Amino acid sequence: MIRPEWQAEFAEDCNRTAVSNIRKLFWAATLLNLVALVTYDLPLYRHGLFEQYRMYGDLVVWRLVNIVMLGTWLITAHRLGNNLAPDTARQMTAIAIPLALLFCIWHALLSQTLAIDVSIYALVLLVIAGMIVTPSRLKLIAYPISFGILITGLALINPNPLVSYAVGVNAFCITACAMVADEVWYRATVRSFVLRKTLTEERSRADELLRNILPDAIADRLKRGENHVVEFHDDVSVLFADVVGFTQLAATLPPSQLIQLLETLFKAFDEIADMHGVEKIKTVGDAYMAAAGVPDAVPDHAERVARMALAMLTTCDALSRESGMPLNLRIGIDAGPAISGVIAQKKFAYDLWGDTVNTASRMETSGAVSRIHVTEAFRQRLGGHFVFERRGHLELKGKGLVPSHFLVSEAEARAA
(Lines give C-alpha, C1' and ligand atoms only; values in the text may rest on other atoms or scores of the structure.)
Protein backbone atom coordinates (compact mmCIF):
# COMPACT_ATOMS: atom_id res chain seq x y z
CA MET A 1 0.00 0.00 0.00
CA ILE A 2 1.07 3.55 -0.70
CA ARG A 3 1.34 5.74 2.36
CA PRO A 4 -0.77 8.91 2.39
CA GLU A 5 2.37 11.07 2.37
CA TRP A 6 3.54 9.31 -0.81
CA GLN A 7 0.32 9.77 -2.80
CA ALA A 8 1.28 13.08 -4.42
CA GLU A 9 4.74 11.87 -5.42
CA PHE A 10 3.30 8.61 -6.76
CA ALA A 11 0.79 10.50 -8.90
CA GLU A 12 3.55 12.74 -10.29
CA ASP A 13 5.73 9.73 -11.13
CA CYS A 14 2.82 8.01 -12.84
CA ASN A 15 1.95 11.05 -14.94
CA ARG A 16 5.55 11.61 -16.01
CA THR A 17 5.90 7.91 -16.83
CA ALA A 18 2.69 8.07 -18.81
CA VAL A 19 3.90 10.99 -20.90
CA SER A 20 7.19 9.19 -21.55
CA ASN A 21 5.37 6.01 -22.64
CA ILE A 22 2.92 7.94 -24.80
CA ARG A 23 5.78 9.74 -26.52
CA LYS A 24 7.45 6.44 -27.46
CA LEU A 25 4.22 4.84 -28.65
CA PHE A 26 3.12 7.88 -30.63
CA TRP A 27 6.50 8.05 -32.35
CA ALA A 28 6.08 4.42 -33.34
CA ALA A 29 2.52 5.06 -34.60
CA THR A 30 3.66 8.07 -36.65
CA LEU A 31 6.47 6.11 -38.27
CA LEU A 32 4.14 3.20 -39.06
CA ASN A 33 1.67 5.55 -40.72
CA LEU A 34 4.44 7.09 -42.84
CA VAL A 35 5.67 3.65 -43.85
CA ALA A 36 2.09 2.59 -44.75
CA LEU A 37 1.63 5.71 -46.88
CA VAL A 38 4.78 5.03 -48.86
CA THR A 39 4.65 1.24 -49.18
CA TYR A 40 0.90 0.60 -49.29
CA ASP A 41 -1.20 3.67 -50.15
CA LEU A 42 1.09 5.15 -52.82
CA PRO A 43 1.12 1.98 -55.00
CA LEU A 44 -2.66 1.74 -54.69
CA TYR A 45 -3.00 5.33 -55.85
CA ARG A 46 -0.72 4.71 -58.83
CA HIS A 47 -2.86 1.76 -59.89
CA GLY A 48 -6.00 3.92 -59.80
CA LEU A 49 -7.70 2.00 -57.01
CA PHE A 50 -8.61 5.19 -55.15
CA GLU A 51 -11.11 6.04 -57.92
CA GLN A 52 -12.72 2.61 -57.72
CA TYR A 53 -12.84 2.22 -53.97
CA ARG A 54 -13.60 5.25 -51.81
CA MET A 55 -12.50 3.36 -48.71
CA TYR A 56 -8.84 3.62 -49.72
CA GLY A 57 -9.06 7.38 -50.03
CA ASP A 58 -10.74 7.63 -46.63
CA LEU A 59 -7.95 5.57 -45.09
CA VAL A 60 -5.31 7.88 -46.56
CA VAL A 61 -7.13 10.86 -45.09
CA TRP A 62 -7.22 9.02 -41.78
CA ARG A 63 -3.48 8.40 -41.93
CA LEU A 64 -2.67 12.02 -42.76
CA VAL A 65 -4.87 13.38 -39.97
CA ASN A 66 -3.36 10.82 -37.64
CA ILE A 67 0.17 11.92 -38.51
CA VAL A 68 -0.71 15.60 -38.05
CA MET A 69 -2.39 15.06 -34.68
CA LEU A 70 0.27 12.73 -33.33
CA GLY A 71 2.99 15.02 -34.63
CA THR A 72 1.39 18.02 -32.94
CA TRP A 73 1.27 16.15 -29.63
CA LEU A 74 4.91 15.03 -29.96
CA ILE A 75 6.13 18.53 -30.83
CA THR A 76 4.28 19.97 -27.85
CA ALA A 77 5.72 17.33 -25.53
CA HIS A 78 9.22 17.95 -26.92
CA ARG A 79 9.00 21.69 -26.32
CA LEU A 80 7.77 21.17 -22.78
CA GLY A 81 10.75 18.94 -22.03
CA ASN A 82 11.10 15.83 -19.90
CA ASN A 83 10.60 17.41 -16.46
CA LEU A 84 6.93 18.20 -16.82
CA ALA A 85 4.98 19.76 -14.00
CA PRO A 86 2.37 17.39 -12.51
CA ASP A 87 -0.57 19.34 -13.91
CA THR A 88 1.00 19.56 -17.37
CA ALA A 89 1.73 15.83 -17.47
CA ARG A 90 -1.81 15.09 -16.41
CA GLN A 91 -3.20 17.33 -19.16
CA MET A 92 -0.97 15.82 -21.82
CA THR A 93 -2.10 12.35 -20.80
CA ALA A 94 -5.76 13.35 -20.73
CA ILE A 95 -5.44 14.63 -24.32
CA ALA A 96 -3.69 11.49 -25.53
CA ILE A 97 -6.33 8.99 -24.36
CA PRO A 98 -9.36 10.34 -26.26
CA LEU A 99 -7.04 11.03 -29.22
CA ALA A 100 -6.10 7.35 -29.40
CA LEU A 101 -9.71 6.22 -28.91
CA LEU A 102 -10.94 8.65 -31.58
CA PHE A 103 -8.53 7.28 -34.18
CA CYS A 104 -9.43 3.75 -33.21
CA ILE A 105 -13.18 4.30 -33.67
CA TRP A 106 -12.75 6.39 -36.84
CA HIS A 107 -10.61 3.77 -38.47
CA ALA A 108 -13.04 1.01 -37.48
CA LEU A 109 -16.00 2.84 -39.04
CA LEU A 110 -14.08 3.64 -42.23
CA SER A 111 -12.41 0.33 -42.95
CA GLN A 112 -15.34 -2.07 -42.37
CA THR A 113 -12.86 -4.96 -42.41
CA LEU A 114 -12.82 -7.31 -39.49
CA ALA A 115 -9.05 -7.92 -39.33
CA ILE A 116 -8.08 -4.25 -39.36
CA ASP A 117 -10.85 -3.23 -36.95
CA VAL A 118 -9.88 -5.70 -34.26
CA SER A 119 -6.14 -5.27 -34.66
CA ILE A 120 -6.31 -1.48 -34.40
CA TYR A 121 -8.74 -1.71 -31.50
CA ALA A 122 -6.47 -4.15 -29.67
CA LEU A 123 -3.43 -1.96 -30.28
CA VAL A 124 -5.11 1.18 -28.97
CA LEU A 125 -6.49 -0.49 -25.85
CA LEU A 126 -3.13 -1.99 -25.00
CA VAL A 127 -1.53 1.40 -25.63
CA ILE A 128 -3.95 2.95 -23.16
CA ALA A 129 -3.20 0.23 -20.60
CA GLY A 130 0.50 0.94 -20.96
CA MET A 131 0.26 4.70 -21.01
CA ILE A 132 -1.12 5.28 -17.54
CA VAL A 133 -0.63 3.19 -14.44
CA THR A 134 -2.72 5.32 -12.12
CA PRO A 135 -6.28 3.93 -12.07
CA SER A 136 -8.96 6.50 -12.66
CA ARG A 137 -12.69 6.32 -13.32
CA LEU A 138 -12.21 8.09 -16.63
CA LYS A 139 -9.83 5.47 -17.93
CA LEU A 140 -11.81 2.51 -16.61
CA ILE A 141 -14.96 3.91 -18.27
CA ALA A 142 -13.04 4.43 -21.51
CA TYR A 143 -12.67 0.67 -22.01
CA PRO A 144 -16.40 -0.25 -22.10
CA ILE A 145 -17.35 2.98 -23.90
CA SER A 146 -14.87 2.34 -26.71
CA PHE A 147 -16.12 -1.26 -26.90
CA GLY A 148 -19.73 -0.11 -27.16
CA ILE A 149 -19.00 2.51 -29.82
CA LEU A 150 -17.06 0.01 -31.91
CA ILE A 151 -19.85 -2.60 -31.84
CA THR A 152 -22.60 -0.03 -32.47
CA GLY A 153 -20.76 1.60 -35.36
CA LEU A 154 -20.01 -1.67 -37.12
CA ALA A 155 -23.56 -2.90 -36.59
CA LEU A 156 -24.93 0.22 -38.28
CA ILE A 157 -22.55 0.03 -41.21
CA ASN A 158 -22.60 -3.73 -41.67
CA PRO A 159 -25.81 -5.30 -40.27
CA ASN A 160 -24.50 -8.81 -40.92
CA PRO A 161 -25.07 -10.54 -37.56
CA LEU A 162 -22.16 -12.92 -38.11
CA VAL A 163 -19.72 -10.03 -38.51
CA SER A 164 -21.19 -8.18 -35.52
CA TYR A 165 -20.95 -11.34 -33.41
CA ALA A 166 -17.37 -12.04 -34.44
CA VAL A 167 -16.26 -8.46 -33.82
CA GLY A 168 -18.16 -8.37 -30.53
CA VAL A 169 -16.54 -11.54 -29.19
CA ASN A 170 -13.06 -10.49 -30.25
CA ALA A 171 -13.44 -6.92 -28.99
CA PHE A 172 -14.85 -8.13 -25.67
CA CYS A 173 -11.89 -10.43 -25.13
CA ILE A 174 -9.48 -7.67 -26.07
CA THR A 175 -11.17 -5.21 -23.71
CA ALA A 176 -11.07 -7.70 -20.83
CA CYS A 177 -7.39 -8.43 -21.49
CA ALA A 178 -6.60 -4.72 -21.63
CA MET A 179 -8.31 -4.08 -18.28
CA VAL A 180 -6.46 -7.02 -16.70
CA ALA A 181 -3.19 -5.77 -18.16
CA ASP A 182 -3.91 -2.35 -16.74
CA GLU A 183 -4.51 -3.76 -13.26
CA VAL A 184 -1.41 -5.96 -13.39
CA TRP A 185 0.69 -3.01 -14.57
CA TYR A 186 -0.70 -0.83 -11.81
CA ARG A 187 0.03 -3.36 -9.08
CA ALA A 188 3.56 -3.88 -10.38
CA THR A 189 4.11 -0.14 -10.46
CA VAL A 190 2.87 0.24 -6.89
CA ARG A 191 5.20 -2.51 -5.70
CA SER A 192 8.14 -0.95 -7.52
CA PHE A 193 7.36 2.52 -6.16
CA VAL A 194 6.92 1.30 -2.57
CA LEU A 195 10.14 -0.72 -2.78
CA ARG A 196 12.06 2.27 -4.15
CA LYS A 197 10.71 4.62 -1.49
CA THR A 198 11.37 2.11 1.28
CA LEU A 199 14.94 1.53 0.11
CA THR A 200 15.48 5.28 -0.12
CA GLU A 201 14.21 5.81 3.41
CA GLU A 202 16.29 2.95 4.78
CA ARG A 203 19.35 4.26 2.98
CA SER A 204 18.76 7.75 4.38
CA ARG A 205 18.23 6.33 7.87
CA ALA A 206 21.44 4.29 7.63
CA ASP A 207 23.32 7.29 6.27
CA GLU A 208 22.04 9.49 9.10
CA LEU A 209 23.04 6.88 11.66
CA LEU A 210 26.50 6.57 10.12
CA ARG A 211 26.96 10.34 10.18
CA ASN A 212 25.92 10.42 13.85
CA ILE A 213 28.77 8.01 14.58
CA LEU A 214 31.43 9.31 12.21
CA PRO A 215 32.40 12.70 10.77
CA ASP A 216 30.76 13.47 7.42
CA ALA A 217 34.02 13.29 5.46
CA ILE A 218 34.90 9.91 6.97
CA ALA A 219 31.40 8.55 6.38
CA ASP A 220 31.61 9.58 2.71
CA ARG A 221 34.92 7.75 2.31
CA LEU A 222 33.52 4.57 3.85
CA LYS A 223 30.48 4.77 1.56
CA ARG A 224 32.84 5.00 -1.43
CA GLY A 225 34.29 1.64 -0.40
CA GLU A 226 37.48 2.57 1.45
CA ASN A 227 38.31 -0.17 3.94
CA HIS A 228 41.12 1.55 5.84
CA VAL A 229 40.67 5.18 6.81
CA VAL A 230 43.81 6.47 8.54
CA GLU A 231 45.15 10.02 8.45
CA PHE A 232 48.02 11.93 9.99
CA HIS A 233 47.31 15.48 11.14
CA ASP A 234 50.15 17.97 11.61
CA ASP A 235 48.36 20.16 14.10
CA VAL A 236 45.10 19.60 15.99
CA SER A 237 43.61 20.58 19.34
CA VAL A 238 42.24 17.84 21.59
CA LEU A 239 39.85 18.35 24.52
CA PHE A 240 38.93 15.99 27.35
CA ALA A 241 36.19 16.82 29.84
CA ASP A 242 35.14 14.81 32.87
CA VAL A 243 32.27 15.21 35.33
CA VAL A 244 33.81 15.62 38.79
CA GLY A 245 32.31 13.39 41.47
CA PHE A 246 30.31 11.35 39.02
CA THR A 247 30.81 8.13 40.99
CA GLN A 248 29.25 9.65 44.13
CA LEU A 249 26.47 11.16 42.01
CA ALA A 250 25.72 7.77 40.47
CA ALA A 251 25.39 6.22 43.90
CA THR A 252 22.73 8.70 45.01
CA LEU A 253 20.58 9.08 41.88
CA PRO A 254 18.21 6.53 40.29
CA PRO A 255 19.65 5.11 37.02
CA SER A 256 17.00 6.71 34.82
CA GLN A 257 17.56 10.15 36.34
CA LEU A 258 21.34 9.75 36.08
CA ILE A 259 21.18 8.81 32.40
CA GLN A 260 18.77 11.64 31.66
CA LEU A 261 21.12 14.10 33.36
CA LEU A 262 24.10 12.85 31.34
CA GLU A 263 22.07 12.91 28.15
CA THR A 264 21.04 16.51 28.73
CA LEU A 265 24.62 17.52 29.48
CA PHE A 266 26.21 15.73 26.53
CA LYS A 267 23.50 16.89 24.15
CA ALA A 268 24.31 20.47 25.15
CA PHE A 269 28.01 19.72 24.54
CA ASP A 270 27.18 18.35 21.09
CA GLU A 271 25.35 21.55 20.21
CA ILE A 272 28.31 23.61 21.43
CA ALA A 273 30.67 21.50 19.31
CA ASP A 274 28.53 22.06 16.21
CA MET A 275 28.31 25.77 16.95
CA HIS A 276 32.10 26.19 17.14
CA GLY A 277 33.07 23.74 14.39
CA VAL A 278 34.56 21.14 16.70
CA GLU A 279 34.30 17.40 16.03
CA LYS A 280 32.95 15.22 18.80
CA ILE A 281 35.09 12.09 18.99
CA LYS A 282 33.43 9.96 21.66
CA THR A 283 32.03 9.68 25.16
CA VAL A 284 33.25 7.10 27.64
CA GLY A 285 31.16 6.96 30.79
CA ASP A 286 31.09 10.52 32.09
CA ALA A 287 34.07 11.60 29.94
CA TYR A 288 33.66 13.67 26.77
CA MET A 289 36.32 13.91 24.05
CA ALA A 290 36.36 16.38 21.16
CA ALA A 291 38.90 17.77 18.70
CA ALA A 292 39.31 20.50 16.11
CA GLY A 293 41.39 20.18 12.96
CA VAL A 294 40.06 16.69 12.22
CA PRO A 295 39.16 15.21 9.84
CA ASP A 296 39.81 18.41 7.86
CA ALA A 297 42.59 20.78 8.84
CA VAL A 298 41.58 24.29 9.96
CA PRO A 299 43.94 27.13 10.91
CA ASP A 300 41.91 28.26 13.95
CA HIS A 301 41.51 24.85 15.63
CA ALA A 302 42.88 26.15 18.94
CA GLU A 303 40.44 29.07 19.06
CA ARG A 304 37.52 26.75 18.34
CA VAL A 305 38.41 24.36 21.14
CA ALA A 306 39.09 27.21 23.57
CA ARG A 307 35.68 28.78 22.95
CA MET A 308 34.02 25.39 23.25
CA ALA A 309 35.70 24.71 26.59
CA LEU A 310 34.57 28.05 28.01
CA ALA A 311 31.02 27.44 26.77
CA MET A 312 31.04 23.96 28.32
CA LEU A 313 31.83 25.38 31.77
CA THR A 314 29.04 27.95 31.43
CA THR A 315 26.55 25.30 30.28
CA CYS A 316 27.47 22.88 33.05
CA ASP A 317 27.10 25.60 35.68
CA ALA A 318 23.68 26.57 34.31
CA LEU A 319 22.49 22.95 34.24
CA SER A 320 23.73 22.44 37.80
CA ARG A 321 21.67 25.38 39.04
CA GLU A 322 18.64 24.28 37.03
CA SER A 323 18.71 20.64 38.19
CA GLY A 324 19.93 21.25 41.70
CA MET A 325 22.70 18.68 41.19
CA PRO A 326 26.37 19.36 41.99
CA LEU A 327 27.69 19.26 38.43
CA ASN A 328 31.27 20.35 37.85
CA LEU A 329 33.69 19.78 35.00
CA ARG A 330 37.41 19.27 34.76
CA ILE A 331 38.78 20.04 31.28
CA GLY A 332 42.19 19.36 29.76
CA ILE A 333 43.47 20.52 26.36
CA ASP A 334 46.62 20.03 24.30
CA ALA A 335 47.62 20.83 20.71
CA GLY A 336 49.95 19.07 18.33
CA PRO A 337 50.14 16.23 15.80
CA ALA A 338 47.81 13.24 15.95
CA ILE A 339 46.65 10.22 13.99
CA SER A 340 42.96 9.63 13.25
CA GLY A 341 41.20 6.65 11.80
CA VAL A 342 38.28 4.23 11.87
CA ILE A 343 38.70 1.02 13.81
CA ALA A 344 36.62 -2.18 13.69
CA GLN A 345 34.53 -3.48 10.80
CA LYS A 346 31.19 -4.21 12.48
CA LYS A 347 30.82 -1.37 14.98
CA PHE A 348 32.64 1.59 13.51
CA ALA A 349 34.48 3.95 15.83
CA TYR A 350 36.38 7.08 14.84
CA ASP A 351 39.23 7.82 17.20
CA LEU A 352 42.46 9.76 17.69
CA TRP A 353 45.86 8.52 18.81
CA GLY A 354 49.18 10.06 19.65
CA ASP A 355 51.10 11.97 22.28
CA THR A 356 48.82 15.00 21.93
CA VAL A 357 45.81 12.86 22.89
CA ASN A 358 47.60 11.32 25.86
CA THR A 359 48.80 14.70 27.09
CA ALA A 360 45.31 16.25 26.83
CA SER A 361 43.94 13.36 28.89
CA ARG A 362 46.61 13.86 31.55
CA MET A 363 45.93 17.59 31.62
CA GLU A 364 42.29 16.77 32.42
CA THR A 365 43.09 14.27 35.21
CA SER A 366 45.63 16.62 36.79
CA GLY A 367 43.46 19.71 36.42
CA ALA A 368 41.21 21.50 38.89
CA VAL A 369 37.45 21.58 39.35
CA SER A 370 35.68 23.99 37.00
CA ARG A 371 38.97 24.94 35.37
CA ILE A 372 40.39 24.48 31.88
CA HIS A 373 43.90 23.04 32.17
CA VAL A 374 46.00 23.57 29.00
CA THR A 375 49.56 22.96 27.87
CA GLU A 376 52.11 25.56 26.87
CA ALA A 377 51.84 24.40 23.26
CA PHE A 378 48.11 25.12 23.23
CA ARG A 379 48.59 28.51 24.91
CA GLN A 380 51.14 29.56 22.27
CA ARG A 381 48.72 28.75 19.46
CA LEU A 382 46.11 31.07 20.94
CA GLY A 383 48.43 34.05 21.09
CA GLY A 384 47.04 37.08 22.88
CA HIS A 385 43.36 36.46 22.09
CA PHE A 386 42.68 34.67 25.40
CA VAL A 387 43.48 35.26 29.05
CA PHE A 388 45.47 32.62 30.94
CA GLU A 389 46.50 32.02 34.52
CA ARG A 390 49.90 30.41 34.96
CA ARG A 391 49.74 27.29 37.06
CA GLY A 392 53.42 26.36 37.12
CA HIS A 393 55.23 23.20 36.16
CA LEU A 394 53.56 19.82 36.19
CA GLU A 395 55.16 16.40 36.36
CA LEU A 396 53.96 14.27 33.42
CA LYS A 397 54.99 10.66 32.95
CA GLY A 398 57.51 10.33 30.16
CA LYS A 399 57.88 14.10 29.81
CA GLY A 400 59.10 15.34 33.15
CA LEU A 401 58.27 18.85 34.28
CA VAL A 402 56.18 20.77 31.75
CA PRO A 403 54.64 24.24 32.09
CA SER A 404 50.84 24.42 32.22
CA HIS A 405 48.17 27.11 32.40
CA PHE A 406 44.51 27.65 33.19
CA LEU A 407 42.40 29.16 30.40
CA VAL A 408 40.33 31.90 32.05
CA SER A 409 38.41 33.72 29.30
CA GLU A 410 38.57 35.30 25.91
CA ALA A 411 40.59 38.52 25.91
CA GLU A 412 37.82 40.69 24.43
CA ALA A 413 35.30 39.36 26.92
CA ARG A 414 37.67 40.01 29.83
CA ALA A 415 38.31 43.57 28.65
CA ALA A 416 34.58 44.25 28.32
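Refer to the structure printed above.
So, a few notes on the structure that sits alongside this text. Because the structure is predicted, anything quoted here is derived from the model rather than measured.

Moving on, we get to helix α10 (residues 255–276). In an α-helix, one turn spans 3.6 residues, which is why side chains three or four residues apart end up on the same side. For α10, built from 22 residues, the straight-helix expectation of 32 Å at 1.5 Å per residue is met to within 8% by its first-to-last C-alpha distance of 32 Å. Restricting attention to buried positions, one finds in α10 the residues L258, L261, L262, L265, F266, A268, F269, I272 and A273. Along the axis of α10, the buried residues cluster in a sector spanning 150°; they form a single face. When the buried face of α10 is taken as reference, the exposed residues oriented beyond 90 degrees from it are S256, I259, Q260, E263, K267, D274 and M275. Where the residues of α10 are buried, they touch β1 (230–243), α9 (246–252), β2 (279–284), β3 (287–292), α11 (301–323) and β4 (329–343). Where α10 terminates, the next one or two residues include G277, which has phi positive at roughly 70°.

For the rest of this paragraph, the subject is a nonpolar patch on the surface. A contiguous nonpolar patch, built from V230, F232, I339, I343 and W353 and spanning about 480 Å² of accessible area, is present on the exposed surface. For the nonpolar patch, the secondary-structure elements that each account for two or more residues are β1 and β4.

A few words on unusual backbone geometry. Following V294, the chain continues to P295 via a peptide bond in cis, the omega torsion being -10°. For P295, the location among the structural elements is in the loop between β3 and α11. Phi at S370 is positive, roughly 60°, even though this residue is not glycine. A relative accessible area of 34% means that S370 is categorised as partly exposed.

Turning our eyes to something else, we now look at the pairing of β4. In terms of burial, β4 is largely enclosed, as 12 of its 15 residues are buried. As paired strands, β1 and β4 are joined by 12 bridges and run antiparallel to one another. Paired with L239 across the bridge in β4 is I333. Two elements, β4 and strand β6 (residues 372–375), share 3 bridges in a ladder whose sense is parallel. From the neighbouring strand, G332 faces β6, where its bridge partner is H373. Relative to strand β5 (residues 349–353), β4 is paired through 5 bridges, and the arrangement is antiparallel. Counted as the bridge partner of S340 is L352 from β5.

Reading the values: rules and limits
Residues numbered from 1 in each chain as written. Predicted model: local features only at pLDDT ≥ 70, side-chain atom pairs only at ≥ 80, totals over all residues. Heavy atoms only, no water. Helix = DSSP H or I, 4+ residues; strand = E, 2+ residues; numbered from the N terminus. Expected span 1.5 Å × (residues − 1). Buried < 20%, exposed > 50% of the residue type's maximum accessible area, 1.4 Å probe, protein only. Arc of directions from axis to C-beta. Contact = heavy atoms within 4.5 Å. Patch = residues over 30% accessible without salt bridge, like charges linked within 9 Å, V, L, I, M, F, W, Y side chains within 5 Å. Areas by Shrake-Rupley, 256 points an atom, 1.4 Å probe, with all protein chains shown as cover. Salt bridge = Lys/Arg side-chain N within 4 Å of Asp/Glu carboxyl O. Pairing = 2+ DSSP bridges.

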